[in-house]
Amino acid sequence: MPLYEHVLIARQDLSNTQAEGLVEHFSTVLADNGGKVVDSEYWGVRTLAYKINKNRKGHYAFLRTDAPSAAVQEMERLARLHDDVMRVMSIKVDAHKEGPSVQMQKREERGERRERRDRDRDN
């Protein structure tokens, strides 16, 4: 089955348990349609880059799934209809990376940054 990664953004006025309950709800939707959730992470409340439905913050959740496309389409359809979900994004990937996502890693664990080339200063 194809591998997917999903990010859900829920309204900021939900409690943490309600936001994690949404993840469980959509996990069961995928399981009912023949898919399975490989890993899920709750990223917490984060500031949005721009307002969505008059909200400046949102609860972020990340899912790694192994599901057929019909199950993913049904989950996305139900997420878009759900009042508490502001945005959902699904990406098809070739393979899941082991360990926590980049958002959950500490800065020391991420590794060194590449050095930027500063072409303007050389001229």
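Everything below is about the structure printed above this text.
Our subject in this report is the structure included herewith. (Residues numbered from 1 in each chain as written. Predicted model: local features only at pLDDT ≥ 70, side-chain atom pairs only at ≥ 80, totals over all residues. Heavy atoms only, no water.)

**So, unusual backbone geometry**
The backbone of Asn 53 sits at a positive phi, close to 50 degrees, despite the residue not being glycine. Among the secondary structure elements, Asn 53 is positioned in the loop between β2 (36-52) and β3 (55-66). Note on Asn 53: relative accessible area 60%, which makes it exposed. Notably, Lys 54 is not glycine yet its phi reads approximately 65 degrees, a positive angle. Considering the arrangement of structural elements, one finds Lys 54 in the loop between β2 and β3. (Helix = DSSP H or I, 4+ residues; strand = E, 2+ residues; numbered from the N terminus. Buried < 20%, exposed > 50% of the residue type's maximum accessible area, 1.4 Å probe, protein only.)

**What to know about the nonpolar core**
By size, the foremost hydrophobic cluster in this structure holds 18 residues, and its most contacted members are Leu 8, Leu 22, Phe 26, Leu 30, Met 75, Ala 79 and Val 85. Elements with a contribution of two residues or more to this core: β1 (3-11), α1 (16-32), β3, α2 (69-81) and β4 (85-93). Top element by residues in this core is α1. It accounts for five residues. With residues near it in sequence (within four places) discarded, Ala 79 still touches Leu 8, Phe 26, Val 85 and Val 88. (Core = buried A, V, L, I, M, F, W, Y, C linked by side-chain atoms within 4.5 Å. Contact = heavy atoms within 4.5 Å.)

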